[in-house]
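Architecture at a glance
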Amino acid sequence: MDLADGLLEQPYDVYRRLRDSAPVHRISGPDGTPAWLVTRYDDVRAALADPRLSLDKRHATVGGYRGFALPPALDANLLNMDPPDHTRVRRLVGNAFTPRRITRLRTPVRHTADRLLDVLGPDGTTDLIAAYAAPLPITVISDLLGVPGPHRRDFRVWTDALVAPDPQRPEAARHAVAALLAFFTALIADKRATPGDDLLSDLIAVRDEGDRLSENELMSLAFLILFAGYENTVQLIGNAVLALLHHPDQLAALRADPGRLPAAVEEFARYEGPALLAIRRFPTEDITLGGVTVPAGETVWLSLSAANRDPVRFPGPDRLDLGRDTSGHLALGHGIHYCLGAPLARAETEIALAALLERFPRLALAPADTHDDAGLRWRPSLRARGLLTLPVSYSSTI
Ligand code: HEM
């Protein structure tokens, strides 16, 4: 099947049909490459942790994988690496995102959230993605890495061009890549000349003091952290707010007991996580997935969203249930590529929701004429589940 068939509009319906009918499907992947799609929870989880499934494109059959190629200075990142390179690079950066370190960021993240809400005033209507869900993570990750203020807006435009390329403007993705390269080259040169108290300066010091990180790996790592640190978090915040607005009973329960927020964030991630698919993988030998033999070098897509809605693992999976047991959900991956920024992603989403709900006792989807559900616009992406716009009305009085 063509993976695009109905999947953009109704991903969960299509995934339900696929999951019910067979464990593994032969498909045409998001980039047009013939591939295999895995949808059942147990199979996806096992595959995520299987060392025979490589992320390194050199294991792809020659002429098979035709995915969008970044230049080496952006491509030498963790999501294209296997051990031992992956182990080495991940160890260098792992310390920056431990739960303890992230606890120290909670107060600044809350300040940023409050500042953004101040701008909205006591009541009105707004696009919550543009006004809140997007600027919060981009500010947080830029501060952490040391990206100066004026460039943050540009970065958003470039990453948008890469995540959901506009078929009408194929040159936009190429321009974005060129701009990103120039941006990171200049930023690293600046930080080298004048180090700051930020993660990028720390990584440059690691690079320059020995041979633990190549120059391409340094730039690719900075790119991945900025990109991954912003992209998915925007979507999770937006998806979570929408889910709450669609479920007023659960919104009321959460307002009544904000202590349930950390658990709720896990359910938002399971129910409508931003990563529909894990990064493509390539078997290093012929392997059996869900009883199907997949030849070495072919492309394998693991659907995190289909797995997270597998009724065998999560009963009544299409129901948002903030009280359910979400343990083992795969929204942040599993195995050695498990999301590096998971503690930050969780903290940011929790704080974003707490600040928003405290500030606005009244929050609703903006009036139906233009912004009913049919007017909500999802990103045209088979990989990233997120809203382009989320029009809401809000008020700080009840
Ligand atoms: C809600 C937010 C987020 C979601 C849903 C998410 C999801 C994921 C997933 C599913 C993977 C594994 C991909 C795979 O195995 O194919 C991953 C890996 C990764 N994530 Fe996240 N992520 C989020 C936020 C962040 C943040 C805030 C950062 C950084 C600050 C980050 C950095 C990374 C990195 C560097 C990897 C690659 C790890 C490796 O290969 O070892 N992510 N993320």
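All of the points below concern the structure found in this document. All values reported here derive from a predicted model rather than from experimental measurement.

**Quick look at the coordination of the iron atom of the ligand**
The protein gives the iron atom of the ligand a lone donor atom, Cys339 (SG), placed 2.3 Å from the metal. If you trace the backbone, Cys339 turns up in the loop between α14 (304-308) and α15 (342-359).

**Details of the nonpolar core**
Of all hydrophobic cores here, the largest spans 96 residues; its most connected members are Phe97, Tyr132, Phe155, Phe184, Phe268 and Leu390. For this core, the leading source of residues is helix α11 (residues 215-246), giving 19 residues. Sequence-distant contacts of Phe155, defined by excluding residues within four places in its chain, comprise Ile138, Leu180, Phe183, Phe184, Leu226, Phe227 and Tyr230. In terms of nonpolar packing, the next biggest core, distinct from the first, is built from 18 residues, Leu53, Val300, Ala307 and Phe314 among them.

**Thoughts on the sheet that holds strand β1 (residues 24-28)**
Hydrogen bonds between backbone groups are what pair the strands of a sheet, and the pairing can be parallel or antiparallel. The strand order across the open sheet built from 3 strands is β1-β2-β8, with neighbouring strands paired in mixed fashion. Bordering the open sheet on either side are β1 and β8 (299-302), each of which pairs with just one other strand. Here the average twist between neighbouring strands, direction ignored, is 35°. Across 4 bridges, the pairing between strand β2 (residues 34-38) and β8 is parallel. Its bridge partner lying in β8, Trp36 is registered against Val300.

**Quick look at the sheet that holds strand β9 (residues 362-365)**
Pairing is antiparallel in the open sheet, where 3 strands are placed in the order β4-β12-β9. Each of the sheet's edge strands pairs with one partner strand only, and the pair in question is β4 (123-127) and β9. Averaged over all neighbouring strand pairs, the angle between strand axes comes to 20°, with direction disregarded. Note that β4 and strand β12 (residues 391-395) share 5 bridges and pair antiparallel. Bridge pairing in β12 places Gly124 opposite Tyr394.

**Digging into the site of the ligand**
Residues in close proximity to the ligand total 27 residues, the closest being His86, Arg90, Ile279, His337 and Cys339. Within the contact set of the ligand, an oxygen atom lies 2.6 Å away from a side-chain nitrogen or oxygen of His86. Separating an oxygen atom of the ligand from a backbone N or O atom of Ile279 is a distance of 2.8 Å. Elements with a minimum of two residues in the shell around the ligand: α4 (85-94), α11 and α15.

**A closer look at unusual backbone geometry**
Cis geometry is adopted by the peptide bond preceding Pro84, which originates at Pro83 and carries an omega value of 5°. Mapped onto the fold, Pro84 is located in the loop between α3 (72-75) and α4.

**A word on the packing of aromatic side chains**
Evaluation of the coordinates by the stated rule reveals 9 aromatic pairs. Measuring from centroid to centroid gives 6.4 Å for Phe155 and Phe184, while their planes differ by 90°, and the two rings are edge-to-face. Of this pair, Phe155 sits in helix α8 (residues 152-163) while Phe184 sits in helix α9 (residues 171-193); the two residues are 29 residues apart in sequence, bridging distant segments of the chain. Like Phe155, the residue Phe184 is buried in the burial classification. Each residue in the set Phe155, Trp158, Phe183, Phe184, Phe223, Phe227 and Tyr230 is aromatic and connected to the rest through ring pairs, giving one cluster. A cation over an aromatic ring shows up here: Arg309 above the ring of Tyr12, its NZ or CZ 3.6 Å from the ring centre. In this structure, Arg313 packs its charged tip against the face of Phe314, placed 4.9 Å from the ring centre.

Reading the values: rules and limits
Residues numbered from 1 in each chain as written. Predicted model: local features only at pLDDT ≥ 70, side-chain atom pairs only at ≥ 80, totals over all residues. Heavy atoms only, no water. Donors = N, O, S within 2.8 Å, 3.2 Å for Na, K, Ca; no water. Helix = DSSP H or I, 4+ residues; strand = E, 2+ residues; numbered from the N terminus. Core = buried A, V, L, I, M, F, W, Y, C linked by side-chain atoms within 4.5 Å. Buried < 20%, exposed > 50% of the residue type's maximum accessible area, 1.4 Å probe, protein only. Contact = heavy atoms within 4.5 Å. Pairing = 2+ DSSP bridges. Axes fitted to C-alpha atoms, helices over the stretch in contact; angles between N-to-C directions. Near = heavy atom within 4 Å. Polar contact = N/O pair within 3.5 Å; in protein donor to acceptor, adjacent residues only side chain to side chain. Phe/Tyr/Trp six-rings, centres within 6.5 Å; stacked < 30°, edge-to-face > 60°. Lys NZ or Arg CZ within 6 Å of the ring centre and 35° of its normal.

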